[in-house]
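Secondary and tertiary structure notes
Residue strings, one per chain:
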Amino acid sequence: MKKQLVTILGCFAFLSMTAQKIGPPAPYGALPTESQLNWQELEQYVLVHFTPTTFQNKEWGYGDADPKIFNPVKFDASQIVNAAKDGGFKGVIFVAKHHDGFCLWPTKTTSYNISKSPFRNGKGDMVKEFEVAARKAGMKFGLYCSPWDRNNEDYGKPEYVEKYRNQLRELYSNYGELFITWFDGANGGDGYYGGKNEKRSIDRSTYYGWEKTWGISRELQPGAVIFADNGDVRWVGNERGFANETSWATFTPEPIAGKTVAVPGETDSEKAQGGTRNGKFWKPAECDVPLRNGWFYHANEDNQVKSVAELFEIYCKSVGRGAGMDIGLAPNTEGVLHQNDVKALKDFGDFLKKLFADNLAQSAVITASEVRGENQIFFGTKNLTDNDRYSYWATSDEVKKASVTLEWDKEQTFNIIRLRENIKLGQRIEKVEIEAFINKNWKKVGEATSIGANRLVRLPNYITTSKLRILIKESPVSIALSDVGVFREPEQLALPKIKRDKDGNVSITSEPTVNQIRYTIDGTEPTLQSPVYASPFPFLSSGDVKAKSFGTDQKSSETTTQSFNVCKKDWRISTVTFENEEKEKSMNAIDDNAETFWSTADNPSLMPLPQSIVIDMGSEMEIASVSYLPRKNGTGGIVKNYQWEVSTDNRIWTTVAQGEFANIKSNPVEQNIVLKTAAKARYIKFSGKSSVEGNYISAAELGVKTIK
Ligand code: FUL
């Protein structure tokens, strides 16, 4: 007994001597703060938009909505929060005020607030209800209060900034601890502004005095990260939900075009997608993307809720690249999430649970080519599978290339490899290759660059092997890897792809091929009773084609819904405002090809805005909605303020829709406008009165849907 004790004590003494001799590696580069570490661990959260704008069926309210329209009779914060929780999301950000300026809490700063609405008879506080629901569900809570305020009469003057700061003070004092304070980048433009209905421009780098304004967040919510261009967490620069394949958590903000320094609240967001290797600050990316097309609820998008396959792609390209996944949820006018959204979230959450339930790395014997100071306890490979993000396998200071090998006693099948660094020591690794032992040879199956807090390498196919090795190929300093995970993505039957050619023939395919595909054209869900797809079929009208793959065991895939406009095979361009070499290109606006686009010339003296295009649809039809698809690459000529007119004779025109394509620059998705009343027309005219960039207009596609 005594002898044993001596041995044990001896061991401890030896270990602590070694640990003293070779301590932890020195941290490398910019490091995360405590609140950034907490944020990195959260990985997934939601952003809820629900204001009078929902009731106006818009993406940006103008600031003139009567508070009386805000009457969500079935509002239930828990329904929304719990649906997010089911999706695997761990935090909720509520938009307490959007650009329309309507405050969802009874603020003292403006009368344009929830107390003027019928909600809870003017006694409601929606921010509180969301906070309570989030805490009850064990979720973190955060707030977004838009700096741009299209209602406030003082917007543009210093008085407004004071009001805005007081709004933040109210929000940061009365709703408990926040994990994030979210600052949006859209600023200035036209609005109601206390009834003035004018355009107000501000210099976003100076107007809000960000240093001081963010100081309120620092003072009242010290545990919260600030999300903003150049905040603690940076905007990834797009609203598709994707960080770059190489995305560094470190970032040196660069000034926007025309400026010499990057100031708080303003950076060149193009550069933000990939971060900066060895950047000055730890400023990881957040990828924000709505669950539907837009951030607000629109009934005509009920079938455009992202599928599990789409959400998982976003997950891999955000969370899987060390960034945050921020999914936009849009309650409907009743004040709850539509059943399709609830289902999509639940299915996604179940998928993630199933995927991460079994970490195959935990049953492997893991050996490393080198262990720091041979200290297995502090720096050994067992730290790679203990679910602790900060215990780690490390190499000696001079060892910058190394490998770990995972060996199982029998073959395993998987396609996802997860790697994490102990980011308390910075982002160190620059390149990794993954090899599997297949047919008695090591074969490269994957690779990755930036690792950081979390990196998922998703192989295109499942591999089966009993040996896997991770080769760290490039690192400026020793290695401090905290996690290796190996997972098998739950099998899903391939989602069918639905396409229609220029002549209106619909083809449905799936890759890899499946037992059978069944489809509908009447808007109902495909079932085993629906027709089996055999060969292309004509579908010239507008409407939804839905398809589902079925396996031999009668299991089915998710449903693909393709919403078609009226087929344009008989359409011709009648006139365009600019008739020169650009003319043939005008056909690009009606060629049913989203990749090509038509644009006018950027020459304001020759051709000032507005500019327009007139289309002859070949025959008269009753139009229910019109649509504008912006160009895919670049933002030049993307229309901001639009007008749609119709005619039966190409002479007398009636305006059927006009307004702004709100948020189109950040989220360039198809803009569908449902007409107030259906309109008879053979000719349609689309005009752009202003564009997001340049003095011209462009369009990838223009289209219409008819009444059923
Ligand atoms: C954008 C806003 O303009 C959108 O309306 C939305 O709130 C999105 C999350 O941020 O910049």
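Residues numbered from 1 in each chain as written. Predicted model: local features only at pLDDT ≥ 70, side-chain atom pairs only at ≥ 80, totals over all residues. Heavy atoms only, no water.

**Here we look at the overall build of the protein**
Within the protein, the regular secondary structure consists of 11 helices and 33 strands. Scaling as 2.2 N^0.38, a compact globule of 708 residues should have a C-alpha radius of gyration of about 27 Å, and the protein matches this with 28 Å. Considering only C-alpha atoms, the protein reaches an extent of 105 × 65 × 50 Å along its principal axes. Here the protein holds 708 residues, and 56% of them are scored as buried. Element-wise, carbon and sulfur atoms account for 50% of the exposed surface of the protein, whose accessible area totals about 30200 Å². One way to put it: in the protein the 88 positive side-chain charges average out to a point 3 Å from where the 89 negative ones average out. (Helix = DSSP H or I, 4+ residues; strand = E, 2+ residues; numbered from the N terminus. Rg over C-alpha atoms; globule rule 2.2 N^0.38 Å. Buried < 20%, exposed > 50% of the residue type's maximum accessible area, 1.4 Å probe, protein only. Areas by Shrake-Rupley, 256 points an atom, 1.4 Å probe, with all protein chains shown as cover. Lys, Arg positive; Asp, Glu negative; His and termini not counted. Charge placed at Lys NZ, Arg CZ, Asp CG, Glu CD.)

**Overview of the domain arrangement of the protein**
In terms of domains, the protein is made up of domain 1 (34-355), domain 2 (360-487), domain 3 (497-564) and domain 4 (572-706). Put simply, the middle of domain 2 and the middle of domain 3, counted by C-alpha atoms, are 42 Å apart. (Domains from an automatic or database assignment.)

**Points about the packing of aromatic side chains**
Inspection of every chain in the model, using the stated rule, returns 42 aromatic pairs. Look at Phe50 and Phe55: their rings are 5.9 Å apart centre to centre, the planes differ by 40°, and that puts the pair in the tilted class. With relative accessibility at 21%, the residue Phe55 sits in the partly exposed group. These aromatic residues form a ring-pair network of at least three members: Phe50, Phe55, Phe70, Phe75, Phe94, Phe102, Tyr112, Phe119 and Phe130. When the ring centre of Phe251 is taken as origin, the NZ or CZ atom of Arg234, which lies over that ring, is 5.0 Å away. The cationic tip of Lys283 hangs over the ring face of Phe281; the distance from NZ or CZ to the ring centre is 5.1 Å. (Phe/Tyr/Trp six-rings, centres within 6.5 Å; stacked < 30°, edge-to-face > 60°. Lys NZ or Arg CZ within 6 Å of the ring centre and 35° of its normal.)

**Quick word on the side chain of Glu131**
Mapping Glu131 onto the fold places it in helix α5 (residues 126-136). Judged by relative accessible area, which is 7%, Glu131 ranks as buried. Within the structure, the side chain of Glu131 is placed 2.8 Å from the side chain of Lys128, a separation counted as a polar contact. (Polar contact = N/O pair within 3.5 Å; in protein donor to acceptor, adjacent residues only side chain to side chain.)

**Some thoughts on the packing of helix α6 (residues 158-174) against helix α7 (residues 210-220)**
When two helices pack together, their arrangement is given by the angle between their axes and by how far apart the axes lie. Here α6 crosses α7 at 15°, and the two axes come no closer than 9 Å. In terms of their interaxial angle, α6 and α7 are classed as roughly parallel. Every pair of crossing elements has a handedness; the one defined by α6 and α7 is right-handed. Contact with α6, carried on its side by Tyr164, Arg165, Leu168, Arg169, Tyr172 and Ser173, involves Trp210, Lys212, Thr213, Ile216, Ser217 and Leu220 of α7 and no other residues of that element. (Axes fitted to C-alpha atoms, helices over the stretch in contact; angles between N-to-C directions. Parallel < 35°, antiparallel > 145°, perpendicular 65-115°, else oblique. Left-handed = near helix turned anticlockwise from the far one by under 90°. Contact = heavy atoms within 4.5 Å.)

**Concerning the pattern of salt bridges**
Using the criterion set out here, one finds 43 salt bridges in the structure. Glu43 is paired through a salt bridge with Arg389; the nearest N and O atoms lie 2.9 Å apart. Separated by 346 residues along the polypeptide, Glu43 in the loop between α2 (34-42) and β1 (44-48) and Arg389 in the loop between α11 (376-379) and β14 (393-394) bring together distant segments of the chain. Arg389 sits in the buried class, given a relative accessible area of 15%. Linking Arg135 and Glu131 is a salt bridge whose minimum nitrogen-to-oxygen distance equals 2.7 Å. Within this pair, Arg135 and its partner Glu131 are both found in helix α5, separated by four residues, close to a single helical turn. Overall, Arg135 belongs to the partly exposed group, its relative accessible area being 34%. (Salt bridge = Lys/Arg side-chain N within 4 Å of Asp/Glu carboxyl O.)

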